[in-house]
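Coordinate analysis (summary)
Read off the chains here:
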Amino acid sequence: MTVTEHAEKERHPLARKRFIIFVSVGTMLFVSAIASLMIGAVSFSITEIWNGIFSSVDSLERRIVWELRVPRMLIGLIVGMCLASAGAILQGIMRNPLADPGIIGVSSGAGLAATVIMILFPAYIILLPAAAFLGALVTALVIYAMSWKGGASPVRIILVGVAINAVIGAAMSALMLLYSDRVQSVLPWLAGGVAGVGWVQFEMIIYYAIAALVLAVFGIPHIRILRLGDEMAKLLGHKVERSRFFLILLSTLLAGIAVSVSGLIGFVGLVVPHIVRTLVGGDYRYLLPISALGGGLLVVVADTIARSAFSPIELPVGILLSFLGGPFFLYLIQKRRNSFVDN
């Protein structure tokens, strides 16, 4: 047996495993999407769901399923896919499984810009999505610029991002304290969730989301090269800083899209890519698309649980995911504690 044949034989079981996981996650996502349409304060059967979607008759099923639950499920799916893809991209280019749009401050930048609109300029609430994206973009640019020292190393980007995240958090707290009479309208958004969204929000983000996710697929070769390390990538003739800057902007766009309609939902970009990496390995040809599906699955399932398990109270999905993601983050830190020792 030649070396090539041996390598093909070794890869075959892994390729089959990756395919099975991809199909399994896709199937679970489809099932969870249907379940999210059936479960709620008013439960429906499959037949009623079908009539609610495809029948033009004005009925209870049509009003609840088509006008409320379908756009909510689709937006939850998009938000999860965008956040998980952003997290996977950042973890790849930083070569650190603790990287995440929320942890390095990008999501907080979007949150601060949106909070300013909601508190100081409520008449311009229509500009909320644009403000969220611009806030994320400006934050990413500031982090990148402050990390630059003959290049922007992943370690410096993460450290600067954590510091910027703390400053933005303080600014948001000060803003809410100074305008405490207007905070009630902001709190649900800060908690994170997809309650109250509809077809307007779906149409607002769908084209941006499709474009960003397609760009993420085209960015896979760049991520794979950057994962080899800056020195090796440069030896291969790759433009390291240009690729890293493009991918950071792309992850910012993905995070901004999610934050603009869902508020500050955390830990999806941290948890999902890490779990997928343990299942399929670090090859981004498989890791990124499966992470996107897994992110959609996590948010759809979490939203279904959050709005039905605590009836009559509807818990914001961001709070539920924080309860799940916080302990997982501590687990990752504990697992990698030796990596933080200075050399």
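This one's a predicted model, so the numbers in the text were calculated from it and none came from an experiment.

Digging into the overall build of the chain
- For the chain, the helix and strand inventory stands at 14 helices and zero strands.
- Counting from the amino terminus, helix and strand elements in the chain follow one another as α-α-α-α-α-α-α-α-α-α-α-α-α-α.
- Whereas a compact globule of 343 residues would reach a radius of gyration of roughly 20 Å, the chain reaches 21 Å, a difference of no more than 12%.
- C-alpha extents for the chain along the principal axes are approximately 65 × 60 × 35 Å.
- Put simply, the chain has 343 residues, and 49% of those count as buried.

Brief notes about the packing of helix H3 (residues 60-94) against helix H12 (residues 268-280)
- As a packed pair, H3 and H12 sit with axes 7 Å apart at the nearest point and diverge in direction by 70 degrees. Here H12 runs roughly perpendicular to H3, going by the angle between their axes. The handedness of the crossing between H3 and H12 is right-handed. Here Gly80, Leu83, Ala84, Gly87, Ala88 and Gln91 of H3 lie close against H12, whose contacting residues are Val268, Gly269, Leu270, Val272, Pro273, His274 and Arg277.

Comments concerning the side chain of glutamine 91
- Positionally, glutamine 91 belongs in helix H3.
- The exposure class assigned to glutamine 91 is buried, which follows from its relative accessible area of 1%.
- In this view, glutamine 91 contacts Asn96, Pro97, Ala99, Gly269, Leu270, Pro273, His274, Arg277 and Tyr284; residues no more than four positions away in its chain are not counted.

Concerning the side chain of serine 36
- With respect to the helices and strands, the residue serine 36 is situated in helix H1 (residues 3-38).
- At 2.6 Å, the side chain of serine 36 and the backbone oxygen of alanine 33 are in polar contact.
- In this structure, serine 36 is in contact with Arg69, Met73, Val300, Thr304 and Arg307, ignoring residues within four places of it in sequence.

What about the pattern of salt bridges?
- Applying the stated criterion across every chain yields a total of six salt bridges.
- A salt bridge links arginine 285 to aspartate 283; the nearest nitrogen and oxygen atoms lie 2.6 Å apart.
- We classify arginine 285 as partly exposed; its relative accessible area is 45%.
- Look at aspartate 283 and you get buried, because its relative accessible area is 13%.
- One salt bridge in this structure joins aspartate 303 and arginine 307, with 3.7 Å as the shortest N-O distance. Of this pair, aspartate 303 and arginine 307 both sit in helix H13 (residues 284-308), four residues apart, which is roughly one turn of that helix. The same class applies to aspartate 303 and to arginine 307, which are both buried.
- Salt bridges sharing common partners tie together Arg72, Asp303, Arg307 and Glu314.

Considerations on unusual backbone geometry
- Of note, the phi angle at phenylalanine 267 is positive, near 75 degrees, even though the residue is not glycine.
- When its relative accessible area of 21% is taken as the criterion, phenylalanine 267 is described as partly exposed.

As for the environment of methionine 94
- Topologically, methionine 94 is positioned in helix H3.
- Spatially, the C-alpha atoms of methionine 94 and arginine 156 are 9.7 Å apart, while their sequence positions differ by 62 residues.
- Setting aside chain neighbours within four positions, we find methionine 94 in contact with Ala99, Pro154, Ile157, Ile158 and Ile248.

Some remarks on the confidence of the model for the chain
- For the chain, the mean per-residue pLDDT works out to 84, and 92% of the residues sit at or above 70.
- Taking the mean pLDDT of every element in the chain, the minimum, 77, falls on helix H7 (residues 187-191) and the maximum, 93, on H13.
- Between residues 1-10, whose pLDDT stays under 50, and residues either more than four places distant or in other chains, the model counts two contacts.
- In the predicted structure, residues 339-343 sits below a pLDDT of 50 and forms two contacts with residues beyond four places in sequence or in another chain.

Observations concerning a nonpolar patch on the surface
- Taken together, the side chains of Phe121, Tyr124, Ile125, Ile126 and Leu127 make up a nonpolar region of the molecular surface, amounting to roughly 530 Å² of accessible area.
- Relative to the helices and strands, isoleucine 126 is located in the loop between helix H4 (106-120) and helix H5 (128-147).

Some thoughts on H13
- The terminal C-alpha atoms of H13 lie 35 Å apart, and with 25 residues this matches the ideal 36 Å at 1.5 Å per residue to within 8%.
- For H13, the buried fraction is high: 18 of the 25 residues fall into the buried class.

Parameters at a glance
Residues numbered from 1 in each chain as written. Predicted model: local features only at pLDDT ≥ 70, side-chain atom pairs only at ≥ 80, totals over all residues. Heavy atoms only, no water. Helix = DSSP H or I, 4+ residues; strand = E, 2+ residues; numbered from the N terminus. Rg over C-alpha atoms; globule rule 2.2 N^0.38 Å. Buried < 20%, exposed > 50% of the residue type's maximum accessible area, 1.4 Å probe, protein only. Axes fitted to C-alpha atoms, helices over the stretch in contact; angles between N-to-C directions. Parallel < 35°, antiparallel > 145°, perpendicular 65-115°, else oblique. Left-handed = near helix turned anticlockwise from the far one by under 90°. Contact = heavy atoms within 4.5 Å. Polar contact = N/O pair within 3.5 Å; in protein donor to acceptor, adjacent residues only side chain to side chain. Salt bridge = Lys/Arg side-chain N within 4 Å of Asp/Glu carboxyl O. pLDDT = per-residue confidence, 0-100. Patch = residues over 30% accessible without salt bridge, like charges linked within 9 Å, V, L, I, M, F, W, Y side chains within 5 Å. Areas by Shrake-Rupley, 256 points an atom, 1.4 Å probe, with all protein chains shown as cover. Expected span 1.5 Å × (residues − 1).

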